[in-house]
Amino acid sequence: MKRLVLIGGGHSHVEVLRAFGRRADPNIELILVSPDRYTPYSGMLPGWIAGHYAFADCHIDLDRLARFAGARFMLSRVVGVTYGKRELRLDDGGVIGYDACSIDIGSTPPVNAIEGARTHAVPVKPVGAFIDALEATATEARKGRSIRIALIGAGAAGVEVLLAVQYRLQHAAPAANISYSLVSASTSILPGHPQRTREIFLRMLRERHIALANDCMVRSIDGHIIRAADGKVVEADFCIVATGAAAASWPTASGIATDPQGFIKIHETLQTESDPVLFAAGDIASIPKRPYPKSGVYAVRQGPILAANLCNILTNQPLARYSPQREALALISTGNRYAVASRGPLTLAGRWVWAWKDHIDWRFMNKYNRVPVP
Ligand SMILES: Cc1cc2nc3c(=O)[nH]c(=O)nc-3n(C[C@H](O)[C@H](O)[C@H](O)COP(=O)(O)OP(=O)(O)OC[C@H]3O[C@@H](n4cnc5c(N)ncnc54)[C@H](O)[C@@H]3O)c2cc1C
């Protein structure tokens, strides 16, 4: 019997669990370690923030999926891996040995890169804590307090989240006096997206009275003051950070080879550069030769290859290679059940794009939440 341990219930690992459930291997003992029973599905997060989805709609029940996979589910957080001894350490002091192990623990916005952000701002991830903070702000707004909301980070997630926040608050506190600002480090918004996609969102921001602060590389937040490197200032009562992805510190601290940002360096087989039986996938991983964006789409695509390779490494079979797609379809929602599809030079927009996205998202969720369990 070989032991395979999955660290984190991210987008790649849910597929590994599903694959085991569909084709159990009696010679592999499977363990999933996650600090949360429910893991969020990224595609539906803006819809959850806007209020279109309930918690259960956009979270995968890892306990149920683990039962389907015949896996042991340990509700715990990994704090380190001693890969020389093939052991991992848990936050409660426990130690688990493994024959093969995979890390899919995601990322969080790099809050530490902005002085004072940890105290005076709220990162969009973890999203549960973010929604709690947003609700507290809605309560203040309902009491009649004027609120200034600023979101730092004008990539797809940032723009989507701010539009979703505005939609939610317009319904949760319709009479409230709330102003919105989007703070972008570059000269415009949505870097990497076609001009037409950018124009649609720029028009939408204007129509919804969301102020745009361009060329604003934020260095610090002190109370209500968001200060850029060049001295520019934006004021906010509720400040949200959605500036990209940062890695957990424990993989580097464990001596696993990481890139300069702390992401685990992997080969195209998804094996880490440090140890052939230690794998990594999703946001936390990085292929130095074939960089790919920190996006759920890529983590999802890695899932089937990871599932196959974790079995293959334990049975001495050849490993498959993952090749990141050159570009992915982005379906960016605008808060009000409307969405924009952007891929390469192509841009399409409409309510039908939202309906299409909604259909894709439900199909994804049903794959993992509707599994039969013993
Ligand atoms: C608001 C927002 C909207 C987004 N929208 C999209 C979108 O529409 N499409 C898209 O492709 N991407 C989107 N993204 C990006 C997407 O969320 C990430 O790329 C994706 O979640 C990464 O998946 P993952 O598998 O790496 O990890 P995740 O799905 O983040 O899962 C990580 C898991 O690991 C667990 N974990 C963390 N630390 C530990 C530990 N120490 N021990 C054990 N378990 C641990 C966590 O609890 C979690 O369950 C969005 C991001 C944000 C913030």
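Refer to the structure presented above.
Values in this document were obtained by computation on a predicted structure and should not be read as measured data.

What counts as what
Residues numbered from 1 in each chain as written. Predicted model: local features only at pLDDT ≥ 70, side-chain atom pairs only at ≥ 80, totals over all residues. Heavy atoms only, no water. Helix = DSSP H or I, 4+ residues; strand = E, 2+ residues; numbered from the N terminus. Rg over C-alpha atoms; globule rule 2.2 N^0.38 Å. Buried < 20%, exposed > 50% of the residue type's maximum accessible area, 1.4 Å probe, protein only. Contact = heavy atoms within 4.5 Å. Areas by Shrake-Rupley, 256 points an atom, 1.4 Å probe, with all protein chains shown as cover. Lys, Arg positive; Asp, Glu negative; His and termini not counted. Charge placed at Lys NZ, Arg CZ, Asp CG, Glu CD. Pairing = 2+ DSSP bridges. Axes fitted to C-alpha atoms, helices over the stretch in contact; angles between N-to-C directions. Patch = residues over 30% accessible without salt bridge, like charges linked within 9 Å, V, L, I, M, F, W, Y side chains within 5 Å. Salt bridge = Lys/Arg side-chain N within 4 Å of Asp/Glu carboxyl O.

Trainee: Honestly, the overall build of the protein chain in this entry has me stumped. Any pointers?
Mentor: Along the backbone of the protein chain there are ten helices and 23 strands. For 374 residues, the compact-globule estimate of 2.2 N^0.38 gives 21 Å, and the protein chain sits close to it at 21 Å. Projected onto the principal axes, the alpha-carbon positions of the protein chain cover approximately 60 × 40 × 40 Å. Evaluated residue by residue, the protein chain yields a buried proportion of 51% over its 374 residues. Looking at the protein chain alone, contacts between residues at least 24 apart form 65% of all its contacts between residues at least 6 apart. For the protein chain, the exposed surface amounts to about 16,600 Å²; the carbon and sulfur share of it is 51%. Both charge centroids of the protein chain, one from 42 positive and one from 32 negative side chains, sit 5 Å from each other.

Trainee: Whenever I open this one, the sheet that holds strand E22 (residues 339–343) confuses me. Can you help?
Mentor: Two pairing modes exist for strands in a sheet, parallel and antiparallel, and in both the strands are linked by backbone hydrogen bonds. Strand order in the open sheet formed by three strands is E21-E22-E23, with antiparallel pairing between adjacent strands. Two strands lie at the open edges of the sheet, namely strand E21 (330–333) and strand E23 (346–350), each paired on one side alone. On average, each strand axis in the sheet is inclined to that of its neighbour by 15 degrees, with strand direction left out of account. Pairing geometry for E22 and E23, over five bridges, is antiparallel.

Trainee: Teacher, can you tell me more about a nonpolar patch on the surface here?
Mentor: Residues Leu329, Leu346, Leu348, Trp352 and Trp356 make up a contiguous nonpolar surface patch of about 470 Å² in total accessible area. For the nonpolar patch, the secondary-structure elements that each account for two or more residues are E23 and helix H10 (351–369). Along the chain, Trp352 falls in helix H10. What makes Trp352 partly exposed here is its relative accessible area of 48%.

Trainee: So what exactly am I meant to see when it comes to the environment of Met74 here?
Mentor: Along the chain, Met74 falls in strand E5 (residues 72–75). With relative accessibility at 22%, the residue Met74 sits in the partly exposed group. In this structure, Met74 is in contact with Ile31, Leu32, Val33, Ser34, Leu90 and Ile96, ignoring residues within four places of it in sequence.

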